[in-house]
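Structural overview
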Amino acid sequence: MYEADGRFDEMRTGDGTVRPAYKEYRHWFDQQDSAFLSRKHREAEIAFRRTGITFNVYGEHEAEERLIPFDMVPRIITADEWRRLTRGIEQRVCAINAFIHDLYHRQEIVRAGLLPERLLRDNSAWLQNMVGFTPPGEIYTHVVGIDLVRTGPDEFFVLEDNARTPSGVSYMLQNRETMMAMFPELFTRVPVRTVSDYPRRLAKSLAACAPAATEGKPTVAVLTPGIHNSAYFEHAFLADQMGAELVEGSDLRVTGGRVAMRTTRGYEPIDVLYRRVDDDFLDPLTFNPDSVLGVPGIMDVYRAGGITIANAPGTGVADDKAIYSFMPEIVEFYTGEKPLLPNVQTWRCADRDGLAYVLDNLDELVVKEVHGSGGYGMLVGPAASKRELAAFRRKLKAKPQNYIAQPTLSLSTCPIFTRRGLAPRHVDLRPFVLVSPEGIDIVPGGLSRVAMRKGSLVVNSSQGGGTKDTWVLKD
Amino acid sequence: MLGRTAHGLFWMFRYLERAENTARLLEAGFHMALTRDVATAEEEWRSVVEAFGQRAGYEIKHGTYTGHQVWNYLLRDPDNAMSVLALIGAVRTNARAARNAISGELWEAINESWMEISGLLARPVAQGSVGEAVQIIRRAGTAVHGAMNGSMLRNEGFHFARAGTFVERADCVARILDMKYYLLLPSLSYVGSSLDTGQWDQVLRSVSGDRAFRWLNAGQIDARGIVEFLVLDDRFPRSVAFCHSALREELAALARLHGAEGESNALMRESATRIADLTIENIFETGLHDFLLEFITCNRAIADAIADDYRFLS
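In this text the structure is predicted, and so the values were computed from the model without any measurement. (Residues numbered from 1 in each chain as written. Chains lettered and ligands numbered in written order. Predicted model: local features only at pLDDT ≥ 70, side-chain atom pairs only at ≥ 80, totals over all residues.)

To continue, consider the overall build of chain A. Secondary structure summary: chain A contains 15 helices and 22 strands in total. The C-alpha atoms of chain A give 23 Å as radius of gyration, which agrees with the globular expectation for 475 residues (23 Å, within 12%). Reported as C-alpha extents along the three principal axes, the dimensions of chain A are approximately 65 × 55 × 50 Å. By the burial criterion, 45% of the 475 residues in chain A qualify as buried. Across chain A, the fraction of contacts at a sequence separation of at least 24, relative to all contacts at a separation of at least 6, is 69%. (Helix = DSSP H or I, 4+ residues; strand = E, 2+ residues; numbered from the N terminus. Rg over C-alpha atoms; globule rule 2.2 N^0.38 Å. Buried ≥ 20, exposed ≤ 12 C-beta atoms within 10 Å, placed from the backbone. Contact = placed C-beta atoms within 7 Å.)

So, in structure tokens, the structure goes:
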């Protein structure tokens, strides 16, 4: 039996009624033979292996390719919910882009006394050589992933902003492909909006950010650290789908004031580089001198208007979790409007009161490192042992400014397919947002990550989380 | 196309071809050893290991040549960088790196072949499974070439892949012939002496040419005929002449696409002229061994020129 655990469930209300979003799906599901569903469940895994949709994990000896568990029950969002979400996301992304521009220019928000200057000084993603420079089209955040969680019918919260290099969009696309291949009849019964044109929209959005030096149709390339990178599949997939070259640092060099790639015909200039390499490795002349992943001199070309780097270097300042805690103020400061999408309540351990509260309530809170990501280095209070709590307490006291804390949210649950039928598991949602001078473009869908273990709140793939297809319904 | 991608495609198909040829060679050796006494069988297995230059590596690990050791070394030994398992792994790694330059069908054919072969070779191969292993490796080659022919755009990537196939195939057939040249030589000078039919059969089997040869020669077997068939008969898709004629077409296509000929086209033309003028008498006058060595060197020079012409490496 499908037993929701008292939290908001995406499929069912408290009294067991199926919500409108899931009505048609549930109807279909109940008509299916359980042996048929089990077979499809196994087939899905085989399909992912066969097509090589894997991510790399580094063990002691050699890299191992793993599958992210795929769950075949879709996460369904109504047209109305989506409309409200997109308004909030647009507002937030607009504000983030304006915020980053301001940080690297006049810092009005600091002058206005709304953001402590210390947060920039301590921010490991801050790039001094972006100061005073404006990237082509004034765009910093070409691709953004906004992580949303839900706790009630109208209660969506932003859990994290990923303005640096959000990943996972290939799973959004492949999950849909897999669902359409496995259950074609579902798509004739349920009006689901398409996501498959994301690569085309990405290519268009990137091309719209081409630098002044571009001649003719902009040449876009995807920069990957290489086949051993955990997200390599996604890099290759996006390049393939966009019809762009997939380049590595060793393919590139600066020549004639441009960044050019070595082709079989000689060096050809790149106009827009969608880089999936961290800032630190982008240019050994400017950043990490040991990097072989980047291009020596690319920052000079960039500053001279010879190339667009997406996302812009230094954009990661906005991903910092201490900055996140100021996001409501940031949104209001740059848009003049109240935020449509609220933050999760956040205590800054850098504040004396904040730290005191966090230490007193550690066993009920989720504590995160301000520069961390991917679910690493965090403490989930209710799930931690006494010893873990004590160890974390010491870390907090030693470096309080490195941490923020949030309440343990009652993340909504969504059904997943198990051997015993449908079972509720916690989910989040990462829509992908494209930003260019032509506007903000949000593909109707996103990546729904799901904690595969009962009761678990951690959805990160590095921590055993899975993914599911995300359906936005047509009106 | 990126120079690195062209490089990857070229080598992807060289590795695949080498894996397939290793399997064919192994199959022929296996068949041969079954019909021999222990001492001759050991000699056979040594020549199989030696054909692709793996003797030194093998002898570090093993003091004797037994079938079980040889086929496990050639198929799956982790210390053998040119084992079939390592080669197929390299094919897949190159395919992943060139993922956006190959069709989805080609990628899936490679990935599925790799899954099957690495599953099969995860454990030591027993005598009863050698045949199956060889068959699966050959089938993988067929599946990959089929997927490529049926789904890939005839762009430069296709031609680099085909060029890699024929460079490697030409190299392999020359090496296999060279492995047995001493068996074929004496029979030329002694008119009427019969060739060890088992030996020539093995040479032909190593390139899967036994049936084609018999069909063309109606059961007539002599050294001259075999060499002529494997070197000069451009109807047989694994002969030296066929490989270089096909390679020449691929290089001509690349030159057309790039609007210019390079060093590789010039070398290719020389090689083609040489082969076109060649008779079986010339080959035996030069000496088969010397002829083959010269050919292998020329073939390698063409491969190096392709890498230079198309900027495989920075």
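As a further point, take the overall build of chain B. Within chain B, the secondary structure is distributed over 17 helices and zero strands. Taken over C-alpha atoms, the radius of gyration comes to 19 Å for chain B, in line with the 20 Å a tight globule of 314 residues would show. Dimensions of chain B, computed from C-alpha atoms along their principal axes, come out at roughly 55 × 50 × 35 Å. Each of the 314 residues in chain B was classed as buried or not, and the buried ones make up 47%. A separation of at least 24 residues holds for 71% of the contacts in chain B among residues at least 6 apart in sequence.

This part covers the interface of chain B and chain A. On the side of chain A, 18 residues touch chain B, which itself brings 20 residues to the contact. Counting only elements with at least two residues in the side of chain B that touches chain A, the list comes to helix H1 (3–34), helix H5 (84–97) and helix H6 (104–120) of chain B. Classifying every residue of the side of chain B that touches chain A gives seven nonpolar, six polar and seven charged. (Nonpolar A, V, L, I, M, F, W, Y, C, P; charged D, E, K, R; others polar.)

Residues and elements named next belong to chain A. Here the domain parsing of chain A yields domain 1 (20–211 + 307–341 + 409–472) and domain 2 (347–407). A separation of 25 Å is found between the C-alpha centroids of domain 1 and domain 2. The partner domain 2 presents eleven residues to the twelve residues of domain 1 that form the contact. Here the side of domain 1 that touches domain 2 is composed, by residue class, of four nonpolar, five polar and three charged. (Domains from an automatic or database assignment.)

The next point concerns the pairing of strand S10 (residues 266–269) of chain A. All names here are of chain A. Note: strand S9 (residues 258–263) against S10, four bridges, orientation antiparallel. Bridge pairing in S10 links Arg 262 to Tyr 267. What sits between the antiparallel neighbours S9 and S10 is a turn of two residues. (Pairing = 2+ DSSP bridges.)

Glancing now at the domain arrangement of chain B. All names here are of chain B. What the domain assignment lists for chain B is domain 1 (1–152) and domain 2 (154–314). Distance from the C-alpha centre of domain 1 to the C-alpha centre of domain 2: 20 Å. At the level of elements, H1 and helix H2 (38–51) are the ones that each hand at least two residues to the side of domain 1 that touches domain 2. Looking at the side of domain 1 that touches domain 2, the element that brings in the most residues is H1, giving 18 residues. Of the residues that constitute the side of domain 1 that touches domain 2, the class distribution is 16 nonpolar, six polar and six charged.

Spatially, four strands are ordered S13-S16-S14-S15 (chain A) in an open sheet, and the strand pairing comes out antiparallel. The two strands at the open ends of the sheet, each matched to only one other strand, are strand S13 (347–348) and strand S15 (379–380) of chain A.

With that settled, consider the pairing of strand S22 (residues 466–472) of chain A. All names here are of chain A. With respect to burial, S22 is a largely interior element, seven of its seven residues being buried. Sheet topology note: the strand S3 (residues 70–77)/S22 ladder contains five bridges and is parallel. Pairing of Arg 75 across the sheet is with Thr 470, part of S22.

Two modes of strand pairing occur in sheets, parallel and antiparallel, and in both the strands are linked by backbone hydrogen bonds. Residues and elements named next belong to chain A. Pairing is parallel across the open sheet formed by four strands, whose spatial order is S7-S6-S11-S12. Bordering the open sheet on either side are strand S7 (245–247) and strand S12 (308–310), each of which pairs with just one other strand. In this sheet, adjacent strand axes meet at a mean angle of 30 degrees when their direction is disregarded. (Axes fitted to C-alpha atoms, helices over the stretch in contact; angles between N-to-C directions.)

Quick look at the nonpolar core now. Ranked by size, the top nonpolar core spans 222 residues in total, and within it Val 259 and Leu 273 of chain A together with Met 12 and Val 84 of chain B carry the most contacts. The dominant element in this core, judged by the number of residues it contributes, is H1 of chain B, at 16 residues. (Core = buried A, V, L, I, M, F, W, Y, C linked by C-beta atoms within 7 Å.)

So, on to H1 of chain B. For H1 of chain B, built from 32 residues, the straight-helix expectation of 46 Å at 1.5 Å per residue is met to within 8% by its first-to-last C-alpha distance of 47 Å. The buried fraction of H1 of chain B amounts to 30 of the 32 residues, a majority that puts the element mostly inside the structure. (Expected span 1.5 Å × (residues − 1).)

Bringing the packing of H6 of chain B against helix H7 (residues 127–151) of chain B into the picture now. Residues and elements named next belong to chain B. Where H6 meets H7, the axes come as close as 8 Å, and the angle between the chain directions of the two elements is 170 degrees. Classed by the angle they form, the pair H6 and H7 counts as roughly antiparallel. In this structure, H6 contributes Glu 105, Leu 106, Ala 109, Ile 110, Ser 113, Glu 116, Ile 117 and Leu 120 to the contact, and H7 contributes Ala 133, Ile 136, Ile 137, Ala 140, Ala 143, Val 144, Ala 147, Met 148, Gly 150 and Ser 151. (Parallel < 35°, antiparallel > 145°, perpendicular 65-115°, else oblique.)

The next thing to look at is the confidence of the model for chain B. Residues with a pLDDT of 70 or more make up 95% of chain B, whose mean pLDDT is 91. The complex prediction reports pTM at 0.91, with the ipTM value standing at 0.87. (pLDDT = per-residue confidence, 0-100.)

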